[in-house]
Amino acid sequence: MTLDTHCHLTHHRFADDANEAIARAREAGLSGCISIGTGVPDAQNCLELSRRNPGFIHCTAGLDPFTANDAGPRFADELDALRELLAGGGFCAVGEIGLDYHYDLQPRPVQSEQLASQLELAADLDLPVVIHVREAHEDMAALLREHGRNRGVIHSFTAGPTEAERYLELGWHLAFNGVLTFKNADDVREAARLTPRDRLLVETDSPYLAPIPHRGKRCEPALVLHTLERLALLHELPAEDLGAITTANARRLFALRVE
Ligand SMILES: [Zn+2]
């Protein structure tokens, strides 16, 4: 058993069977899932899902780089709406928010500004943060260092030991997903191996990045167990023990309500 700390159960690819996917997660022995809200309407859907599954589905709200890009000049309004939504309670984190230099949908200084304003919001609300970072590790580490009031997780960590050490030094958690099981991911495995146990989290990023042996198919939370097993091998622990550790880490970081 472990907790899937990052999935998108409100994604259109779960439109027909989100409830079945949740049931399969329970059957697989998971201790919960965090459904990530990208944008205000999506986060409202996540909140509803979490209210229907108390103590098992938790949720977050944030303006990710894609949503923020769509908002464009309306970003300030979106941020106000996000603040209001978060103030209503029921969310365990702000996110995912971040920098994406792979798609570069907006000028980089704009991305940094939008991230910074949401880091401030999270710190004001005393909520942890879920970070999305793609091909932007230098700038991300600098921003997180500058905004020293935040805590949280670097989600979908798929970089190597150097980047891992930088985030760990700053006090952040690292969440590993299906990529950890991919053949060409030795760097990611090395990063996972050197991450202290009390900073480890696992996730699926469903519907994306299904672990081997399901690679290429739609991912869902129950499949997080494949990633957990791989991580347990790297830490030379029984999977059950690492499951208990990663569950405890998630509950502590996100102050999760358990029912
Ligand atoms: Zn995500």
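Residues numbered from 1 in each chain as written. Predicted model: local features only at pLDDT ≥ 70, side-chain atom pairs only at ≥ 80, totals over all residues. Heavy atoms only, no water.

Visitor: Sorry, what's going on with the coordination of the zinc ion here?
Guide: In a perfect tetrahedron of four donors around a metal, the angles come out at 109.5 degrees. In a perfect octahedron of six, they are 90 or 180 degrees. Looking at the zinc ion, the protein donor atoms are His6 (NE2), His8 (NE2) and Glu96 (OE), and they sit 2.0 to 2.1 Å from it. Going along the chain, you hit the donors of the zinc ion in the pattern H-x1-H-x87-E. Residue His6 shares its accessibility class with His8, and that shared class is buried. (Donors = N, O, S within 2.8 Å, 3.2 Å for Na, K, Ca; no water. Buried < 20%, exposed > 50% of the residue type's maximum accessible area, 1.4 Å probe, protein only.)

Visitor: Looking at this model, I keep getting lost on the sheet that holds strand E4 (residues 93-100). Mind explaining?
Guide: Hydrogen bonds between backbone groups are what pair the strands of a sheet, and the pairing can be parallel or antiparallel. Within the open sheet, the eight strands sit side by side as E1-E2-E3-E4-E5-E6-E7-E8. Their pairing is parallel. Each end of this open sheet is capped by a strand with a single partner; those strands are strand E1 (3-7) and strand E8 (200-202). If you compare each strand with its neighbour and ignore which way they point, the axes differ by 30° on average. Helix-sheet contacts for helix H2 (residues 40-52) involve strand E2 (32-35) and strand E3 (57-61), and the interaxial angle to E3 is about 160°. (Pairing = 2+ DSSP bridges. Helix = DSSP H or I, 4+ residues; strand = E, 2+ residues; numbered from the N terminus. Axes fitted to C-alpha atoms, helices over the stretch in contact; angles between N-to-C directions. Contact = heavy atoms within 4.5 Å.)

Visitor: In this structure, what is going on with the side chain of Thr227? I would like to understand it.
Guide: By the element assignment, Thr227 lies in helix H9 (residues 224-234). Since its relative accessible area comes to 1%, Thr227 is described here as buried. Excluding residues within four positions of it along the chain, Thr227 makes contact with Phe176, Asn177, Gly178, Leu180, Thr181, Val202 and Pro211.

Visitor: I keep staring at the side chain of Asn150 and nothing clicks. Help me out?
Guide: Mapping Asn150 onto the fold places it in the loop between helix H6 (137-146) and strand E6 (152-154). Residues contacting Asn150, with those up to four places away along its chain left out, are Leu119, Ala122, Ala123, Val129 and Trp172.

Visitor: Looking at this model, I keep getting lost on the pairing of E3. Mind explaining?
Guide: Sheet faces and side chains relate simply in a regular strand, where the side chains alternate between the two faces. The buried count for E3 comes to five of five residues, which makes it a mostly enclosed element. When E2 meets E3, the two strands line up parallel, connected through three bridges. When the bridges of E3 are listed, Ile34 appears paired with His58. Crossover handedness for the path E2 to H2 to E3: right-handed. Across two bridges, the pairing between E3 and E4 is parallel. When the bridges of E4 are listed, Ala61 appears paired with Val94. (Right-handed = clockwise from strand over helix to strand, strands pointing away.)

Visitor: How should I be thinking about helix H7 (residues 161-169) in this particular structure?
Guide: Three- or four-residue spacings in an α-helix give side chains the same orientation, since the helix completes a turn every 3.6 residues. Those residues of H7 lying buried are Ala164, Tyr167 and Leu168. Burial along H7 is one-sided: seen end-on, the buried residues are contained in an arc of 100°. For H7, exposure combined with an orientation more than 90 degrees from the buried face picks out Thr162 and Glu169. The inward-facing, buried residues of H7 contact strand E5 (129-134), H6, E6, strand E7 (173-176) and helix H8 (186-194). After H7 finishes, the residue Gly171 shows a positive phi value of roughly 95°. (Arc of directions from axis to C-beta.)

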